Amino acid sequence: MEKQFYVNGEWKSSEKLADLHSPHTKEVIAQIPQATREEVEQAIDFAYDARKQMAELTAYERAAILEHITQLFIDNRKKAAEIISFEAAKPMKYALAEIDRTIETYKFAAEEAKRLTGELIPMDAAKNGVNRFGYTIEQPIGVIGAITPFNFPQNLVAHKVGPAIAAGNTIVLKPASQTPLSALFLAELIDQTALPKGAFNVVTGGGKTVGDALVESDKVKMITFTGSPAVGKGIRDKAGLKKVALELGSNAGLIIDKNVDLSQIVPKCVMGAFSNQGQVCISLQRTYVMDELFEEFIQQFSSSTKELVIGNPLEETTDIAAMINPGEQERALSWVQEAVEHGAEIIAGGTTENGVFMPTILTNVSPTSKVSCQEVFAPIVVVNRISSIEEGIHAINDSNYGLQAGIFTNDIQTAFKASKELEVGGVMINDIPTYRIDQMPYGGVKESGTGKEGLKYAIHEMTETKLVVWNQQ
């Protein structure tokens, strides 16, 4: 099945194609066009030329387009989920949940399009502000270059496309090489709306060719990127005076205090650690359990983990399927082996079976082992013993990352202490760090990135604030 680009409201072929393989069956499922730099620049030109028409849309018109996209996803929910499962091996239950979140995300974008306002400035609060009236307006910045990852090929795209449209910008989207079919399906849906031609474009191909063209173009005014810290730092260094929003890596941590109900906590931890094969930016990677509950937690957690269903991602009963590619599975296995060499104990998993990396629990893990100090992005979770909350907070903070963290506790003072002292972008009290809903501000500190997603917050990143002052004398 040969696919095409979506540029300026039209489907276009490219001379060079690359085979797209199913992570589950390893068979070729599509041939994907590989853009040349000239083809990327042409897409940027179309987006640049569409700026004026896009900026002139009223808030009502932008909201109506986003509402239409929302309804199209509702109408095509199962098909959109099947594409995700097909190209990314995401188990169907999680693919359907992703589409449900995608629907909410575009709905939030539609609502926020009508709330894009500035503010009144109290000019006469200054000595020289007498008889002056001031206010701000939020204006679109122009062309947005969006570079997205494989793990949420519709919802993380929605977090870039939705706010861009809501703010009145145009977009050139570069999807992950393993999940272009979802982006091209989005183009099919958007093609049915009243969005102006050229306002949304999808260009597939190599990260260096497409990404560099977007980052280096003077016509692109902002890059919004979700991916690895190494690539994110490269984008930041090349971007010049462009706006840059980076959602990068994480090794999310959780503290479990004494005197909490593990029967309510363990199922959340299993989901947080192993959903989508652990290929989630805020996947539960490091768990620190107080002495009093450690043995009981390990027993319940390992027992529940061993009940997970391993199988075909297209089956709705499947919990765990293949990781995105064999190379990633081999890397994950080598990280487990390194941890064991450093003294870690394998409680569950640590092997591959029938091409699937089994959900893995490690304990007594050194903080310098890769499974602890780097982003594992695999179904691997560390469970270590702590003797105090302070020890847990220190362990979570002893990281180059800081996206989200969680704590389960019945002590309000402990909760407040953790909320203030954890060095992360978001603290989840009595929940796992994997918790996210789509309107909340989402972004990290340290090497986890810069800028915020969440519709209202992303829209603000994608606008320029202009001050207007009237002299009434």
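Higher on the page you've got the structure.
Below is a summary of the structure that appears in this document.

Conventions adopted
Residues numbered from 1 in each chain as written. Predicted model: local features only at pLDDT ≥ 70, side-chain atom pairs only at ≥ 80, totals over all residues. Heavy atoms only, no water. Helix = DSSP H or I, 4+ residues; strand = E, 2+ residues; numbered from the N terminus. Rg over C-alpha atoms; globule rule 2.2 N^0.38 Å. Buried < 20%, exposed > 50% of the residue type's maximum accessible area, 1.4 Å probe, protein only. Contact = heavy atoms within 4.5 Å. Areas by Shrake-Rupley, 256 points an atom, 1.4 Å probe, with all protein chains shown as cover. Lys, Arg positive; Asp, Glu negative; His and termini not counted. Charge placed at Lys NZ, Arg CZ, Asp CG, Glu CD. Pairing = 2+ DSSP bridges. Axes fitted to C-alpha atoms, helices over the stretch in contact; angles between N-to-C directions. Phe/Tyr/Trp six-rings, centres within 6.5 Å; stacked < 30°, edge-to-face > 60°. Lys NZ or Arg CZ within 6 Å of the ring centre and 35° of its normal. Patch = residues over 30% accessible without salt bridge, like charges linked within 9 Å, V, L, I, M, F, W, Y side chains within 5 Å. Salt bridge = Lys/Arg side-chain N within 4 Å of Asp/Glu carboxyl O. Core = buried A, V, L, I, M, F, W, Y, C linked by side-chain atoms within 4.5 Å. Disulfide = S-S within 2.5 Å.

1. Points about the overall build of the protein
Part 1 of the argument: Summing up its helical and strand segments, the protein has 16 helices and 24 strands in all.
Part 2 of the argument: Against the 2.2 N^0.38 benchmark of 23 Å for 473 residues, the protein shows a C-alpha radius of gyration of 23 Å, consistent with a compact globule.
Part 3 of the argument: For the protein, the C-alpha atoms occupy an extent of roughly 70 × 65 × 40 Å along the three principal directions.
Part 4 of the argument: Looking at the 473 residues of the protein, the share that counts as buried comes to 57%.
Part 5 of the argument: Sequence-distant contacts, at least 24 apart, represent 73% of the contacts inside the protein between residues at least 6 apart.
Part 6 of the argument: Here the protein displays about 19500 Å² of accessible surface, and carbon together with sulfur accounts for 49% of that area.
Part 7 of the argument: Distance from the positive charge centre (44 side chains) to the negative charge centre (60 side chains) of the protein: 6 Å.

2. Some details on the sheet that holds strand S21 (residues 426–429)
Part 1 of the argument: Pairing within the open sheet is mixed, and its seven strands lie in the order S14-S17-S18-S13-S12-S20-S21. Either end of the sheet is taken by a strand with one partner, and the two such strands are strand S14 (345–348) and S21. Shown here is a sheet whose adjacent strand axes are inclined to one another by a mean of 20 degrees, direction ignored.
Part 2 of the argument: Where strand S20 (residues 404–408) meets S21, four bridges bridge the pair, whose relative direction is parallel. Of the residues in S21, the one forming a bridge with Ala-405 is Val-427.
Part 3 of the argument: On top of the sheet, helix H10 (residues 262–274) reaches strand S12 (253–256), strand S17 (360–363), strand S18 (380–386) and S20; it is set at about 170 degrees to S12, its chief contact.
Part 4 of the argument: Across the sheet, helix H15 (residues 412–421) touches S20 and S21, and the angle it forms with S21 is around 165 degrees.

3. As for helix H8 (residues 207–216)
Part 1 of the argument: Those residues of H8 that fall on the buried side of the exposure criterion are Val-210, Gly-211, Asp-212, Ala-213, Leu-214 and Val-215.
Part 2 of the argument: Here the buried face of H8 lies against helix H1 (37–49), strand S7 (143–147), strand S8 (170–174), strand S10 (220–226) and helix H9 (229–238).

4. Thoughts on the packing of aromatic side chains
Part 1 of the argument: Counting across every chain of the model gives seven aromatic pairs.
Part 2 of the argument: Between Phe-274 and Phe-301 the ring centres are 6.1 Å apart and the planes differ by 15 degrees, which places this aromatic pair in the stacked class. You can see Phe-274 sitting in helix H10 and its partner Phe-301 sitting in helix H11 (residues 291–305), a full 27 residues away along the chain.
Part 3 of the argument: Grouped by ring-pair contacts, the aromatic residues Tyr-6, Trp-11 and Phe-200 constitute a single cluster.
Part 4 of the argument: Across from the ring centre of Tyr-48, 3.7 Å away, lies the NZ or CZ of Arg-51, which sits over that ring.
Part 5 of the argument: In this structure, Lys-219 is placed above the aromatic ring of Tyr-48, and the distance from its NZ or CZ to the ring centre is 5.2 Å.

5. Here's the deal with a nonpolar patch on the surface
Part 1 of the argument: A cluster of nonpolar side chains, namely Leu-120, Phe-133 and Trp-470, defines an oily patch on the protein surface of about 360 Å² accessible area.
Part 2 of the argument: Tracing the backbone through its elements, the reader meets Phe-133 in strand S6 (residues 132–140).

6. Quick word on the nonpolar core
Part 1 of the argument: Counting residues in hydrophobic clusters, the biggest one holds 56 residues, and the most contacted among them are Leu-66, Phe-73, Val-161 and Phe-200.
Part 2 of the argument: Setting aside chain neighbours within four positions, we find Val-161 in contact with Tyr-106, Ile-171, Leu-186, Ile-190 and Phe-200.
Part 3 of the argument: Formed by 26 residues, the second largest nonpolar core is a distinct cluster that contains Val-260, Leu-293, Phe-408 and Ile-432.

7. Things to note about the pattern of salt bridges
Part 1 of the argument: Under the definition given, this model contains 24 salt bridges.
Part 2 of the argument: For the salt bridge of Glu-112 with Arg-115, the shortest nitrogen-to-oxygen distance reads 2.9 Å.
Part 3 of the argument: For Arg-236, the salt bridge is made with Asp-237, and the minimal N-O distance between the two is 3.4 Å.
Part 4 of the argument: Using a relative accessible area of 49% as the deciding quantity, one classes Arg-236 as partly exposed.
Part 5 of the argument: Using a relative accessible area of 56% as the deciding quantity, one classes Asp-237 as exposed.
Part 6 of the argument: Where salt bridges share partners, they join Arg-37, Glu-41 and Glu-216 into one cluster.

8. Quick word on the state of the cysteines
Part 1 of the argument: In total, this model carries zero disulfides according to the counting rule given.
Part 2 of the argument: There is no disulfide at Cys-281, and the cysteine sulfur nearest it, in Cys-373, is 18 Å away.
Part 3 of the argument: The exposure class of Cys-373 is partly exposed, given its relative accessible area of 27%.

9. Re the pairing of S18
Part 1 of the argument: Across the seven residues of S18, six count as buried, placing the element largely inside the fold.
Part 2 of the argument: Across five bridges, the pairing between strand S13 (residues 286–290) and S18 is parallel. By the bridge assignment, Arg-286 is partnered in S18 with Val-382.

10. Looking at unusual backbone geometry
Part 1 of the argument: With phi around 60 degrees, Ala-89 is a residue other than glycine that occupies positive phi space.
Part 2 of the argument: With respect to the helices and strands, the residue Ala-89 is situated in the loop between helix H4 (77–88) and helix H5 (92–113).
Part 3 of the argument: Looking at Ala-89, the relative accessible area reads 1%, which means it is buried.
Part 4 of the argument: Of note in this structure, Lys-446 is not a glycine but carries a positive phi near 55 degrees.
Part 5 of the argument: Looking at the secondary structure, you find Lys-446 in strand S22 (residues 445–446).

11. Describing the environment of Leu-248
Part 1 of the argument: Structurally, the position occupied by Leu-248 is in the loop between strand S11 (243–247) and S12.
Part 2 of the argument: If we skip the residues at most four places from it in the chain, Leu-248 touches Phe-225, Gly-227, Ser-228, Pro-229, Gly-232, Cys-281, Glu-447, Ser-448 and Gly-449.

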